Amino acid sequence: MTATWEQRLIEVEVGAVAHGGHCVARHEGRVVFVRHALPGERVRVLVTEDAGGSFCRGDAVEVLRASPDRVEPPCPFAGPGRCGGCDWQHASWPAQRELKAAVVAEQLSRLAKLDREVVVEALPGGPVDWRTRMRVAVGPDGRAGFRAHRSHRVVPVDHCVIAVPGALDGVVDRTWPPSSELVVTSDAAGRVHLTEIGPPVVRRGRRVPGPARRRRGSGTAAERAARRRWELRADGFWQVHPAAADALATVVGQWADCRPGDRAWDLYGGVGLFAAVLAEQVGPTGSVAVVESATGAVADGRANLADLPQVSWHAGRTEAVLAAPGFADRAPDAVVLDPPRKGAGRAVVGAIARSAPARVVYVACDPAALARDVAWFAEHGYELTQLRAFDAFPMTHHVECVALLRPAGAAPRGPAR
């Protein structure tokens, strides 16, 4: 077993960007995953994690030769050993998008065997002042902040450059019960909703979140997207970038391309953002089946889309609902899916492919999971025909992708008559 390098200082040439907010370097025959560096730089790295295997992790603590894309991070809490929320504050905004594009292309090449040029598109508003939803941790001293990278350690902050202005007022400038957590949402109406979740407690031998107590706001967030007004639980799922929901809904609508009378599935449907778009397309003679496992989201979705009787709701895990008797008796014309970060997985991909939709629109927040699932769709005869990527999380390594898959050799749908 290789002796550990932890806390060792090494000098490396930084190579390509890798998925996860770091770059790849090599030293003495081992791979080093380096944060706070950029491709082409020469840096000194403090090794922070080393299990003695073929790779270790470290932070660039000194830049010996800088990339022309390097900038001064706008946040004083960004950098080695500090807040782990932002990965690329030391890169210019155009360079951040190029790094993300390289990661998406590399994942598609490695996992799906597809060579594709990728462009990550900027959303309106710039790289700061965009995050509307966040979970704030509280340290043992009662101060609020964010966790360090790959750590439970809380880094206290007095502001956050990517948070929408005003979201953290009255949050980071006071103390809270140690080890509690704060859920903060700033909605489209400019209202801030704050819920305090108490320190974990032990019940039946398991650590579970403590009691929740609303501290500010009604707990119901108002949002606007897809030409509709939405009301949903403030701590429920919604895109964190103010422009993301509309951008994604627009692409989903274009690529789903449903016609009156069509049948569509909206899997991992949340409160029904994409279902609303699909319902407009299929009209009262068509149908949209939404599948969602979170009961709160289903309740919010039913309320928000009560004016669309062509939308039906199916509460449960996607793989279970797809396998339930009768659900897939009528094949869908189009399937939209927006799975969590782990992706859809082989069982869901297989169930979708067996239903033989003409179009599958896959919304993904993790390029590795997307590429893996694209490869599994290929095993069932589906090919990736279009891809768009959006910088819905500036300053971080995260990127939102939308992929269109069709049966191999299928001709594009002609114009509606």
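For clarity, every value in this text was computed on a predicted model and none was experimentally measured.

1. Structural notes on the UniProt feature "domain: TRAM" (unreviewed entry) in the protein chain
Right, on to step 1. If you check UniProt for "domain: TRAM" (unreviewed entry), the listed places come out as residues 3-62 in our numbering.
Right, on to step 2. Taken as a whole, residues 3-62 contains 0% helix and 63% strand, while its terminal C-alpha atoms sit 24 Å from one another.

2. With respect to the nonpolar core
If you look at soluble globular proteins, the nonpolar side chains tend to sit buried side by side.
Right, on to step 1. Within the largest apolar cluster, 72 residues are counted, with the highest numbers of intra-cluster contacts made by Leu168, Val184, Trp230, Leu273 and Val288.
Right, on to step 2. No other element matches helix H2 (residues 244-256), which puts nine residues into this core.
Right, on to step 3. Those residues in contact with Trp230 that lie beyond four places of it in its chain are Ala221, Ala222, Glu223, Arg224, Ala225, Trp238, Val271, Gly272, Leu273, Ala276, Asn304 and Leu305.
Right, on to step 4. Listed in part, the 40 residues of the second largest apolar core include Val104, Ala344, Ala353 and Ala375.

3. What about the environment of Arg228?
Right, on to step 1. Relative to the helices and strands, Arg228 is located in strand S16 (residues 228-233).
Right, on to step 2. Classification of Arg228 by relative accessible area gives buried; the value is 16%.
Right, on to step 3. For the pair Arg228 and Ala276, spaced 48 residues apart in sequence, the C-alpha separation works out to 8.5 Å.
Right, on to step 4. Those residues in contact with Arg228 that sit more than four places away from it in its chain are Glu223, Ala276, Asn304, Leu305, Asp307 and Leu308.

4. Observations concerning the side chain of Asp300
Right, on to step 1. In this structure, Asp300 sits in helix H4 (residues 295-304).
Right, on to step 2. With a relative accessible area of 13%, Asp300 lands in the buried category.
Right, on to step 3. For Asp300, the contacting residues outside a window of four places in its chain are Glu231, Leu232, Arg233 and Val271.

5. Quick look at the sheet that holds strand S2 (residues 22-27)
Right, on to step 1. Taken in spatial order, the five strands of this closed barrel run S1-S2-S3-S5-S4, and their pairing is mixed. Within this sheet the neighbouring strands show an average axis-to-axis angle of 50°, counted without direction.
Right, on to step 2. Taken together, the five bridges between strand S1 (residues 9-18) and strand S4 (residues 42-49) define a ladder with antiparallel strand orientation. Looking across to S4, one finds that Val12 is bridged to Val43.

6. Quick notes on the UniProt feature "active site" (unreviewed entry) in the protein chain
Right, on to step 1. UniProt tags Cys365 as "active site" (unreviewed entry).
Right, on to step 2. Locating Cys365 in the fold gives a position in the loop between strand S21 (359-364) and helix H7 (367-379).
Right, on to step 3. Ignoring any residue separated from it by four or fewer positions in sequence, one finds Cys365 in contact with Pro340, Arg341, Val399 and Glu400.

7. Observations concerning unusual backbone geometry
Right, on to step 1. Even without being glycine, Arg204 reaches a positive phi, approximately 55°.
Right, on to step 2. Tracing the sequence through the fold places Arg204 in the loop between strand S12 (201-203) and strand S13 (206-208).
Right, on to step 3. Here the phi dihedral of Tyr268 falls at roughly 55°; this positive angle occurs in a residue that is not glycine.
Right, on to step 4. The residue Tyr268 is located in the loop between strand S17 (263-267) and helix H3 (273-282) in this model.
Right, on to step 5. Looking at Tyr268, the relative accessible area reads 17%, which means it is buried.

8. Some details on the pairing of strand S15 (residues 220-225)
Right, on to step 1. Judged from the six bridges that link them, S15 and S16 form a sheet pairing that is antiparallel. Paired with Ala222 across the strands is Glu231, a residue of S16.

9. As for the packing of H2 against H3
Right, on to step 1. Running from N to C, H2 and H3 point in directions that differ by 40°, and their axes come no closer than 9 Å. The angle between H2 and H3 falls in the class oblique. Two packed elements cross with a definite hand, and for H2 against H3 that hand is right-handed. For the pair H2 and H3, contact is made by Ala245, Leu248, Ala249, Val252, Gly253 and Ala256 and by Leu273, Phe274, Val277, Leu278 and Gln281, respectively.
Right, on to step 2. The class makeup of the residues in the contact of H2 with H3 is nine nonpolar, two polar and no charged.

10. A few points about the packing of helix H1 (residues 93-112) against H7
Right, on to step 1. Where H1 contacts H7, the two axes come as close as 8 Å, and the packing angle between them is 35°. In the packing of H1 onto H7, the handedness of the crossing is right-handed. Where H1 abuts H7, its residues Val103, Val104, Gln107, Leu108, Leu111 and Ala112 lie against Pro367, Ala368, Ala371, Arg372, Val374 and Ala375.
Right, on to step 2. For the contact of H1 with H7, the residue count by class is 10 nonpolar, one polar and one charged.

11. What about the pattern of salt bridges?
Right, on to step 1. Following the criterion strictly, the structure yields 27 salt bridges and no others.
Right, on to step 2. The closest approach of N and O atoms between Arg8 and Glu28, which form a salt bridge, is 3.1 Å. Highlighted residues: Arg8 in the segment before S1 and Glu28 in the loop between S2 and strand S3 (30-35), separated in sequence by 20 residues.
Right, on to step 3. A salt bridge links Arg150 to Glu49, with the nearest nitrogen and oxygen atoms 2.7 Å apart. Of the two residues, Arg150 is situated in the loop between strand S8 (144-147) and strand S9 (154-156) and Glu49 in strand S4; the sequence distance between them amounts to 101 residues.
Right, on to step 4. On the basis of relative accessibility, which here comes to 26%, the residue Glu49 falls in the partly exposed class.
Right, on to step 5. Each of Glu11, Glu13, Arg42, Arg44, Glu62 and Arg65 takes part in one network of salt bridges that share partners.

12. Remarks on H7
Along an α-helix, a turn takes 3.6 residues, which lines up residues three or four apart on a common side.
Right, on to step 1. Taking 1.5 Å per residue as the helical rise, H7 with its 13 residues ought to reach 18 Å, and the 19 Å between its terminal C-alpha atoms agrees with that figure.
Right, on to step 2. Counting buried residues along H7, 10 of its 13 residues qualify, which places the element largely inside the surrounding structure.
Right, on to step 3. For H7, the full list of buried residues reads Pro367, Ala368, Ala369, Leu370, Ala371, Asp373, Val374, Ala375, Trp376 and Phe377.
Right, on to step 4. The secondary structure elements touched by the buried residues of H7 are H1, helix H6 (346-355), S21, strand S22 (382-391) and strand S23 (400-407).
Right, on to step 5. At the N-terminal end of H7, a side-chain oxygen is found 3.0 Å from the backbone nitrogen of Ala368, two or three residues along, and the residue is Asp366.

Analysis parameters
Residues numbered from 1 in each chain as written. Predicted model: local features only at pLDDT ≥ 70, side-chain atom pairs only at ≥ 80, totals over all residues. Heavy atoms only, no water. UniProt positions renumbered as here; feature names shortened; annotations may be inferred. Helix = DSSP H or I, 4+ residues; strand = E, 2+ residues; numbered from the N terminus. Core = buried A, V, L, I, M, F, W, Y, C linked by side-chain atoms within 4.5 Å. Buried < 20%, exposed > 50% of the residue type's maximum accessible area, 1.4 Å probe, protein only. Contact = heavy atoms within 4.5 Å. Pairing = 2+ DSSP bridges. Axes fitted to C-alpha atoms, helices over the stretch in contact; angles between N-to-C directions. Parallel < 35°, antiparallel > 145°, perpendicular 65-115°, else oblique. Left-handed = near helix turned anticlockwise from the far one by under 90°. Nonpolar A, V, L, I, M, F, W, Y, C, P; charged D, E, K, R; others polar. Salt bridge = Lys/Arg side-chain N within 4 Å of Asp/Glu carboxyl O. Expected span 1.5 Å × (residues − 1). Polar contact = N/O pair within 3.5 Å; in protein donor to acceptor, adjacent residues only side chain to side chain.

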